[in-house]
Amino acid sequence: MALKDFPVDECLLQGNASCPGCPATVGLRMVLKALGKKTFLVVPACCTAVIESLYPHTSFDVPVMNIAFEAAAAGASGVEAALRQQGRSDITVAAWAGDGGTYDIGLQALSGALERGTNFIYICYNNQIYSNTGIQRSGATPYAAWTTTTVSGKTEFRKEMGEIVLAHHIPYVAQTCISYPEDLYGKIQKAKSIKGPKYIEILAPCPPGWRFSMDKTIEMGRLAVDTGAWSLWECENDVMTFNGKSKLLLEKKVARKPIEDWIKYQGRFSHLFKPERDEERLKAIEEHTDHLWERYRKCYGKI
Amino acid sequence: MKKYPVETSLSYPKKGAMGKTGSWRVFKPILDKKKCVKCLRCWIFCPEGSIHREKDDSVSIDYDFCKGCGVCANECNVKAIIMEREEAKKK
Amino acid sequence: MTVMMDTGNRIAAKAAVMAKPEVVAAYPITPQTTLVEAIAEYVARGEYKGEYICVESEHSAMSACIGASAAGSRTFTATSSHGLLLMHEMLHWAALARLPVVMCNINRVVGPGWNIWVDENDSISQRDTGWIQFYCSSNQEIFDTVIQAFKLAEHEKIVLPVMVNLNAFILSHTSMPAEIPDQQVVDDFLGNYVPKWKLDIENPTTFGNIIGPAHYYKVRRAMQDAMLNAKKLIPQITNDWKKASGFFHGDLLEYYKCEGAEHILLSIGAIGAESKTAIDELQKAGHRIGLARVRVIRPFPTEDIIKLGKQADLIVIDRNISIGSEGALFNEVKAALYGESDAKVTGFIAGLGGKDVTYKDIETMCLKALKDKVREQQWYGLEG
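Note that the structure is a prediction, hence the values are computed from the model and not measured. (Residues numbered from 1 in each chain as written. Chains lettered and ligands numbered in written order. Predicted model: local features only at pLDDT ≥ 70, side-chain atom pairs only at ≥ 80, totals over all residues.)

**Regarding the overall build of chain A**
Let me state the cut-off plainly: Under the DSSP-based scheme used, a helix requires at least four consecutive residues in state H or I and a strand at least two consecutive residues in state E, with every element numbered from the N terminus. Radius of gyration means the value over C-alpha atoms here, while the globule rule gives 2.2 Å times the residue count to the 0.38 power. In this scheme every C-beta is placed from the backbone, and a residue whose C-beta has 20 or more other C-beta atoms within 10 Å is buried, one with 12 or fewer is exposed, and one in between is partly exposed. Throughout, a pair of residues is in contact if the C-beta atoms placed from their backbones lie within 7 Å.
Counting its regular elements, chain A contains 12 helices and 9 strands. In terms of overall dimensions, chain A is globule-like: its C-alpha atoms have a radius of gyration of 19 Å, near the 19 Å expected for 303 residues. Taking the principal axes of the C-alpha coordinates as reference, chain A spans close to 60 × 50 × 40 Å. With 303 residues in all, chain A has 60% of them scored as buried. Considering only intrachain contacts with a sequence separation of at least 6, the fraction spanning at least 24 residues in chain A is 68%.

Here's what the structure looks like:
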């Protein structure tokens, strides 16, 4: 859908507590435009709990249920069951959780809800860190990235949450990014139209967490896709499709830009360039990304 | 809006829940309407929802709440938005 | 009315289903399993028409109950021991959210080592979560208390979650007859559930966002007020149920042969039931001793305990221990009496780890208390 056709109505109100340049609010605005006012959000501990702003006020114009860090999917299962009993099939239940609450502490509850068929959309806005607690490493943090708990750079590569979800064989799984509003909006709309569990992950570049200038939030997302650090894809009923630039990368119709083009703007990787270039780790990053895409091609490419 | 008769952490929607966040701004986006091509990129990418979209798809900036991040200027393909330093506010 | 000859767990399940919760979310744990299996059977037979969510942990069970309750539905769950402890965070959440979830907890020993027998350390360790806590002593009482629990939890002056505790195996797996009233009696007693607040697209609110110290302080105070309201309303609700069903097991406490007693024994749960036989025997032998079985420890029946302390010396048996302190009931009974009564209070720890406590053991403890008047807590039955 073209931007011109996006609804004008806003369900996230201005004057909230988000940082300037926040990717989560960009994502929330688009998601709530696609889902509309008949939406219940279930939110675990994450930046969004702050974005809601201070009691007795909230910046959300849809009902929001905050729940414990590890409990978003389970809470959503309860909400959804209650609505089904009440005959409210017109209401969409969405969990909106960060990568910490999805990849790490909330993984069990998520897997359980997906397996038991909860009719909801689980949306992970992934900023690759525990940002609300002050930038600690998560399972989504990329290799070599500085965080307050990986002071010399993370020594492990991030896990592929989307592929963990794929193993549940739910009706719809997708990855998108806030820099691609048409892609994001379309995927949320599609998820809304499908019954059963849906999982959508949104890459959300975080200026204070990644240490880049706050006007570059959207650009960082585009560069992540161009360099293959992130990918846009959807998997509907076990049929996998890569989208947009990621499709061209998968099919080798364009060459992948070096990851360096993405990380050089981010202070969290500055130790790879100063005082001198850390060729070993820079090479490891590129090789790992090449390996990742080769595996994507083997698993999901049409050869 | 109905207030529920129970004392727990239940909050009610309010525009400006954290006040007029425009006061956070250091740089201010200035829109040149003549250059604007109504592509709506600034509108959709604004993290605050502070770029208002009119019926004809022209846009305007709500300085009461705009936090001055500069995403709109960065994403404008025709450079219709530039960032200018806020004048020093009287204390 | 029908008579159901069945185990405590299955009678609890019957009561839960008759209360018609729209959502049940539960995870199996010994010795609670036969309770949730019974609910699954009601689902299979079409006798339970609500949603039964088979979650992947107790933490998720309580989280799902919280979600369902916040969406405006009556909810029920059941657990035991380690399951209750895994729920701990969400017990606070439900109570602070003022959601009237009802739960059965089968009192079981906490590991390690694995031990599935009865003691009360699981629920005693959850006293501070803001849940009302009942302890039952018979299968009939289990049925009646589960029904009362919904009424109490949902009462507009309370709106707090309620935990109904029953002892592992001694009640959970022991068949006893219970009279089951007609569905209409339960329907009339409970009425339709009207949530005090809920998620609603017509009136969007955010539950649980950031709250500052001044407001949070008020939320805590409101919970305490609700608990104190519960203390006043429990006698009313148990008496209303007596009128509706004919059954009464006491309100905050159940008094047994306390008239003229110079000593009163305080005990909880199945030991409370066994204590009646001990009291009968002791009275036959000429001792002026009665029993006050404590049904409710949250809210704590302070005023009732003071009355007892003004009448008699007290003997307390705890099947739990707050390590480094004392048995919970012993500790709280003494605190209640402070400045109000000079009654001597003798405390016993007994039956931890599921060690059997017979009426003979209770008699022995009481006689020791009558003779020795020792104030420190004593460990009964450590040998052997």
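Alright, that's what it looks like, and here's the rest.
**So, the overall build of chain C**
Helix and strand counts for chain C stand at 13 helices and 16 strands. Taking 384 residues into account, the globule formula puts the C-alpha radius of gyration at 21 Å, and chain C, at 20 Å, falls close to it. Seen through its C-alpha atoms, chain C measures out along the principal axes to roughly 65 × 50 × 45 Å. Intrachain contacts of chain C at a sequence separation of at least 6 include 80% that bridge at least 24 residues.

**Quick notes on the domain arrangement of chain C**
Residue and element names in this part refer to chain C. Worth spelling out the cut-off: An automatic or database domain assignment supplies the residue ranges for each domain. Under the scheme applied, nonpolar residues are Ala, Val, Leu, Ile, Met, Phe, Trp, Tyr, Cys and Pro; charged residues are Asp, Glu, Lys and Arg; polar residues are all the others, including Gly.
When the domains of chain C are assigned, the result is domain 1 (2-245) and domain 2 (253-379). Just the C-alpha atoms count here: the centres of domain 1 and domain 2 sit 27 Å apart. The element best represented in the side of domain 1 that touches domain 2 is helix 9 (residues 213-245), accounting for 5 residues. Its residues assigned to classes, the side of domain 1 that touches domain 2 shows 15 nonpolar, 8 polar and 4 charged.

**A short note on the interface of chain A and chain C**
The condition is simple: Here, strands pair whenever DSSP counts at least two bridges between them.
Contacts between chain A and chain C engage 39 residues on the former and 38 residues on the latter. Only strand 1 (39-43), helix 2 (47-51), strand 3 (64-66), helix 3 (72-85) and helix 5 (107-115) of chain A provide two or more residues apiece to the side of chain A that touches chain C. With 11 residues, helix 3 of chain A is the largest single contributor of residues to the side of chain A that touches chain C. A per-class count over the side of chain A that touches chain C returns 22 nonpolar, 10 polar and 7 charged. Here 2 bridges tie strand 3 of chain A to strand 9 (residues 206-207) of chain C, and the two strands are oriented parallel to one another.

**Concerning the sheet that holds strand 4 (residues 75-80) of chain C**
In sheet architecture, strand pairing relies on hydrogen bonds along the backbone and comes in two forms, parallel and antiparallel. Put simply, the rule is: Axis lines are fitted through C-alpha atoms, for helices just across the contact stretch, and the angle between N-to-C directions can take any value from 0 to 180 degrees.
The 7 strands lie next to each other as 3-2-4-5-7-6-13 (chain C), forming an open sheet whose pairing is mixed. Only two strands of the sheet have a single partner each, and these edge strands are strand 3 (51-54) and strand 13 (296-298) of chain C. When the angles between neighbouring strand axes are averaged without regard to direction, this sheet yields 20°. In terms of strand pairing, strand 2 (residues 23-26) of chain C meets strand 3 of chain C through 4 bridges, oriented parallel. Note that in strand 3 of chain C the partner of Val24(C) across the bridge is Tyr52(C). Of the strands in this sheet, strand 2 and strand 3 of chain C are in contact with helix 3 of chain A, which crosses strand 3 of chain C at around 160°.

**Details of the sheet that holds strand 16 (residues 378-379) of chain C**
Residues and elements named next belong to chain C. Pairing is mixed across the open sheet formed by 6 strands, whose spatial order is 10-12-11-14-15-16. With one partner strand each, in any of the chains shown, strand 10 (253-256) and strand 16 form the two edges of the open sheet. One ladder, built from 2 bridges, connects strand 15 (residues 345-349) with strand 16; its direction is parallel. Residue pairing in the sheet places phenylalanine 348 in a bridge with glutamine 378 of strand 16. Strands in contact with helix 10 (residues 269-284) are strand 10, strand 11 (263-268), strand 12 (289-294) and strand 14 (313-318); relative to strand 12, the strand with the most contacts, it is inclined by about 170°. Packing against the sheet, helix 13 (residues 359-372) makes contact with strand 11, strand 12, strand 14 and strand 15, and its axis sits at approximately 140° to strand 14.

**Section: the interface of chain C and chain B**
Between chain C and chain B, the contact holds 17 residues from the first and 12 residues from the second. For the side of chain C that touches chain B, the secondary structure elements donating two or more residues are strand 9 and helix 9 of chain C. By residue number, the principal contributor to the side of chain C that touches chain B is helix 9 of chain C, which donates 3 residues. Residues of the side of chain C that touches chain B, tallied by class, amount to 9 nonpolar, 5 polar and 3 charged. With 2 bridges connecting them, strand 1 (residues 10-13) of chain B and strand 9 of chain C associate as antiparallel partners. Within strand 9 of chain C, the residue paired with Leu10(B) across the bridge is Phe207(C).

**Some details on the nonpolar core**
Stated formally: Here a nonpolar core is just a set of buried residues of the types Ala, Val, Leu, Ile, Met, Phe, Trp, Tyr and Cys, joined wherever their C-beta atoms sit within 7 Å.
Core analysis: the biggest nonpolar cluster contains 247 residues, and Val79(A), Ala95(A), Ile123(A), Ile66(C), Ala94(C) and Val146(C) have the highest contact counts within it. Composition of this core by domain shows at least three residues from each of domain 1 (2-245) and domain 2 (253-379) of chain C.

**So, helix 10 of chain C**
Residue and element names in this part refer to chain C. Note the following rule: Given a helix with a known number of residues, its expected span is that number minus one, times 1.5 Å.
For helix 10, built from 16 residues, the straight-helix expectation of 22 Å at 1.5 Å per residue is met to within 8% by its first-to-last C-alpha distance of 24 Å. Taken as a whole, helix 10 has its buried residues at Gly269, Ala270, Ile271, Gly272, Ala273, Glu274, Ser275, Ala278, Ile279 and Leu282. Backbone geometry just after helix 10 places glycine 286 at a positive phi near 95°.

**Brief notes about the pairing of strand 5 (residues 102-107) of chain C**
Residues and elements named next belong to chain C. Taking burial as the measure, the 6 residues of strand 5 include 6 buried ones, the bulk of the element. What you see with strand 5 is no split at all: Val102, Cys104 and Ile106 on one side and Met103, Asn105 and Asn107 on the other are buried throughout. Direction of pairing for strand 4 relative to strand 5: parallel, over a ladder of 5 bridges. Its bridge partner lying in strand 5, serine 80 is registered against isoleucine 106.

**Re the packing of helix 1 (residues 8-18) of chain C against helix 7 (residues 139-154) of chain C**
Packed helices, taken two at a time, are described by their axes: the angle between them and the distance between them. All names here are of chain C. In plain terms, the rule: Reported orientations rely on four angle classes, namely roughly parallel under 35 degrees, roughly antiparallel over 145, roughly perpendicular from 65 to 115, and oblique for the rest. It is the rotation of the near helix from the far one that decides the hand of a crossing: anticlockwise by less than a right angle makes it left-handed, clockwise makes it right-handed.
Where helix 1 contacts helix 7, the axes come no closer than 8 Å and their chain directions differ by 25°. On the basis of their axis angle, the class for helix 1 and helix 7 is roughly parallel. Of the two possible hands of crossing, helix 1 and helix 7 adopt the one that is right-handed. Contacts from Gly8, Ile11, Ala12, Lys14, Ala15 and Ala16 of helix 1 reach helix 7 at Asn139, Ile142, Phe143, Val146 and Ile147.

**Thoughts on the packing of helix 1 of chain C against helix 2 (residues 33-44) of chain C**
Residue and element names in this part refer to chain C. Helix 2 packs onto helix 1 with a crossing angle of 45° between their chain directions and a minimal axis gap of 8 Å. In terms of orientation, helix 1 and helix 2 fall into the oblique class. The way helix 1 lies across helix 2 gives a crossing that is right-handed. Residues Asn9, Arg10, Ala12, Ala13, Ala16 and Val17 of helix 1 touch helix 2, and the partners they reach there are Thr34, Leu35, Ala38, Ile39 and Tyr42. In terms of residue class, the contact of helix 1 with helix 2 is made up of 8 nonpolar, 2 polar and 1 charged.

**Re the pairing of strand 14 of chain C**
Residue and element names in this part refer to chain C. Note the cut-off: Crossover handedness is defined here as right-handed if the route from the first strand over the helix to the second strand goes clockwise, with the strands pointing away from the viewer.
Of all 6 residues in strand 14, 6 are buried, a share of seventy percent or more. The alternating pattern of strand 14 places Asp313, Ile315 and Ile317 on one face and Leu314, Val316 and Asp318 on the opposite face, and all of these are buried. Two elements, strand 11 and strand 14, share 4 bridges in a ladder whose sense is parallel. Its bridge partner lying in strand 14, histidine 263 is registered against aspartate 313. In this sheet, strand 15 lies alongside strand 14 in parallel orientation, the contact comprising 5 bridges. From the neighbouring strand, isoleucine 317 faces strand 15, where its bridge partner is phenylalanine 348. The β-α-β motif built from strand 14, the intervening helix 12 (residues 328-337) and the parallel element strand 15 has right-handed crossover chirality.

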